[in-house]
Amino acid sequence: MPGIGMSVGVFERLAPRLLPYGSVYALDLPGFAGTPCRARDLDIVGYAHLVGAAVDALGLAAPVVIGHSMGAQVVTELSAGRPDLTRLVLVSPVVAPAQRSAVRVALAFALAASKEPVGVALLAVMSYLLTGLRPFFASMPRMIAFRLEQRISDVEADVLVLRGELDAVCPRGWTALIVSRARSARAVTIPGAAHSIVHRNAGEVARLCAEHAGLTHPSRASIPRARSRRSPRLSLLATVARAREFLAILCRDDVALARAKTSRMRVAIVSAEGMSSD
């Protein structure tokens, strides 16, 4: 689950690195990054209900649930009501008690963003532009109001909390508080990383998620390797997929939007594997 205003594109590096361990499902939250939202005033509980419905519709049995940033709140709420979910991963969870005001959380996000690569910042800006101001600012107070450190005590799953060393949004004391309130949890800090570790540190995050789930480590030959750069053909396919996303959003075509997002993720998978798209 992505964070506030973000799309599944934030997982374009993580998803391919999880595929050797099993099937991967990335879900966009309604109202974010061009995804339509017909239900008004959805809060974290409402998002969790929708995600739970998707898990059931897909027929997933005891999936490993991963949430990034505000997505960590959504999967915490989901897991609190689902004892069948036994493995939970909270990546860069929000919001720390000391940051529970719009100004403080905005400053924390800005400080964390200053530690990110330019490519990550551009990905976030594009997602926020597609989301628009109304859904973003409508979700902000609900994100700030959610008390993850309280809800985590109702989660029966084994919890892994991941944070970047340079992440001002998710300080070490905050993850320690989450771990202390959970029934079974541990926290790991990734050195030199900031808030968007699912993108910049995808390989390490994938390894830790698989280890937490007790999954067998695949052979080195089957682990997708990052390319130094995409081939011209893959770059063209990625550009076409993004263009199809924009067109589907303008036309308000839900089916075309889903296909375009899936196509974009497939390009990311092929790029990570270093294979031809044929």
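For the structure, check the block above.
Given the structure is predicted, the values throughout are model-derived calculations rather than measurements. (Residues numbered from 1 in each chain as written. Predicted model: local features only at pLDDT ≥ 70, side-chain atom pairs only at ≥ 80, totals over all residues. Heavy atoms only, no water.)

1. A look at the overall build of the chain
Short version of the rule: Numbered from the N terminus, helices here are DSSP runs of H or I no shorter than four residues, and strands are runs of E no shorter than two. Any pair of residues with heavy atoms lying within 4.5 Å of one another is described as a contacting pair. We get accessible surface area from the Shrake-Rupley algorithm with a probe of 1.4 Å; when it comes to residues, only the shown protein chains can shield them.
Looking only at helices and strands, the chain has 12 helices and 4 strands in total. Pairs at least 24 apart in sequence give 77% of the contacts found in the chain among residues at least 6 apart. Summing over all exposed atoms, the chain offers an accessible surface of approximately 13,300 Å²; the carbon and sulfur share of this is 58%.

2. Let's talk about the environment of Gly203
As for its placement among the helices and strands, Gly203 is situated in helix α10 (residues 202-213). Put simply, Gly203 and Arg17 are 186 residues apart on the chain and 6.4 Å apart in space, counted from C-alpha to C-alpha.

3. Describing the side chain of Arg82
Test applied: Exposure classes here rest on a 1.4 Å probe applied to the protein chains alone. A residue is buried below 20% of its type maximum, exposed above 50%, and partly exposed in between.
Tracing the sequence through the fold places Arg82 in the loop between α3 (70-80) and β2 (87-91). For Arg82, a relative accessible area of 15% puts it in the buried group. When neighbours within four sequence positions are excluded, Arg82 is seen to be in contact with Gly52, Val55 and Asp56.

4. Overview of the pattern of salt bridges
Stated precisely, the cut-off is as follows: Salt bridges are counted wherever a side-chain nitrogen of Lys or Arg sits within 4 Å of a carboxyl oxygen of Asp or Glu.
This model, assessed by the stated rule, comprises 9 salt bridges. Taken together, the shared-partner salt bridges connect Arg186, Glu204, Arg207 and Glu211 into one network.

5. What to know about α3
Among the 11 residues in α3, 11 count as buried, and that is most of the element. Buried within α3 we find Met70, Gly71, Ala72, Gln73, Val74, Val75, Thr76, Glu77, Leu78, Ser79 and Ala80.

6. As for the packing of helix α2 (residues 44-57) against α3
Defined as follows: Think of each axis as a best-fit line through the C-alpha atoms, taken over the contacting stretch in the case of a helix, with angles from 0 to 180 degrees between the N-to-C directions. Oblique is the label for any angle not covered by the other classes, which are roughly parallel (under 35 degrees), roughly antiparallel (over 145) and roughly perpendicular (65 to 115). Handedness of a crossing follows from how the near helix is turned relative to the far one, being left-handed for an anticlockwise turn of less than a right angle and right-handed for a clockwise one. Lys, Arg, Asp and Glu make up the charged group, whereas Ala, Val, Leu, Ile, Met, Phe, Trp, Tyr, Cys and Pro make up the nonpolar group; the residues left over, Gly among them, are polar.
Remark: α2 packs on α3, axes separated minimally by 8 Å, with the N-to-C direction vectors making an angle of 70°. In terms of orientation, α2 and α3 fall into the roughly perpendicular class. Considering only the axes of α2 and α3, their crossing is right-handed. Touching Ile44, Val45, Tyr47, Ala48, Val51 and Gly52 of α2 are Met70, Gln73, Val74, Glu77 and Leu78, all from α3. Its residues placed into classes, the contact of α2 with α3 shows 8 nonpolar, 2 polar and 1 charged.

7. Let's talk about the pairing of strand β4 (residues 185-190)
This is how the line gets drawn: Only strands that DSSP links by at least two bridges are regarded as paired with each other. Convention used here: a crossover is right-handed provided that the path from the first strand, over the helix, to the second strand proceeds clockwise when the strands point away from the viewer.
One ladder, built from 6 bridges, connects strand β3 (residues 158-164) with β4; its direction is parallel. Within β4, the position partnered with Val159 by the bridge is Ala185. Once the chain exits β3 it traverses helix α8 (residues 172-181) before rejoining the sheet at β4, and the crossover so formed is right-handed.

8. Quick look at the environment of Ala182
Note on placement: Ala182 falls in the loop between α8 and β4. Between the C-alpha atoms of Ala182 and Val155, which are 27 residues apart in sequence, the distance is 7.1 Å.

9. Some details on unusual backbone geometry
A cis amide bond, omega 0°, links Val94 with the succeeding residue Val95. Even without being glycine, Ser92 reaches a positive phi, approximately 50°. For Ser92, the position within the fold is in the loop between β2 and α4 (102-113). Using a relative accessible area of 0% as the deciding quantity, one classes Ser92 as buried.

10. What to know about the pairing of β3
Of all 7 residues that make up β3, 6 are buried, and the element is covered over most of its length. Bridging between β2 and β3 involves 5 bridges; their strand directions are parallel. Residue pairing in the sheet places Val91 in a bridge with Leu162 of β3.

11. Describing α4
Every α-helix carries 3.6 residues per turn, so stepping three or four residues along brings you back to the same face. Here is the rule we go by: In this analysis, the expected span of each helix is defined as 1.5 Å times one less than the number of residues it contains. Taking the helix axis as origin, the arc is that swept by the directions to the C-beta atoms.
The terminal C-alpha atoms of α4 lie 16 Å apart, and with 12 residues this matches the ideal 16 Å at 1.5 Å per residue to within 8%. For α4, the full list of buried residues reads Val105, Ala108, Phe109 and Ala112. Down the axis of α4, the smallest arc covering the buried residues is 100°, so these residues share one side. In this structure, α4 carries Val103 and Leu107 as exposed residues pointing more than 90 degrees from its buried face.

12. So, the nonpolar core
As a reminder, the rule being used: Joining through side-chain atoms within 4.5 Å is the link that ties buried Ala, Val, Leu, Ile, Met, Phe, Trp, Tyr and Cys residues into a set, and such a set is a nonpolar core.
Counting residues in each nonpolar core, the largest one holds 43 residues, and the members touching the most others are Met70, Leu88, Leu90, Met143 and Ile152. Once you skip the residues sitting within four places of it in the chain, Leu88 turns out to touch Val65, Val75, Thr76, Ser79, Ile152, Val155, Ala157, Asp158, Val159, Leu160 and His212. Leu18, Val91, Leu162 and Ala202 belong to the second largest nonpolar core, which has 20 residues in total.

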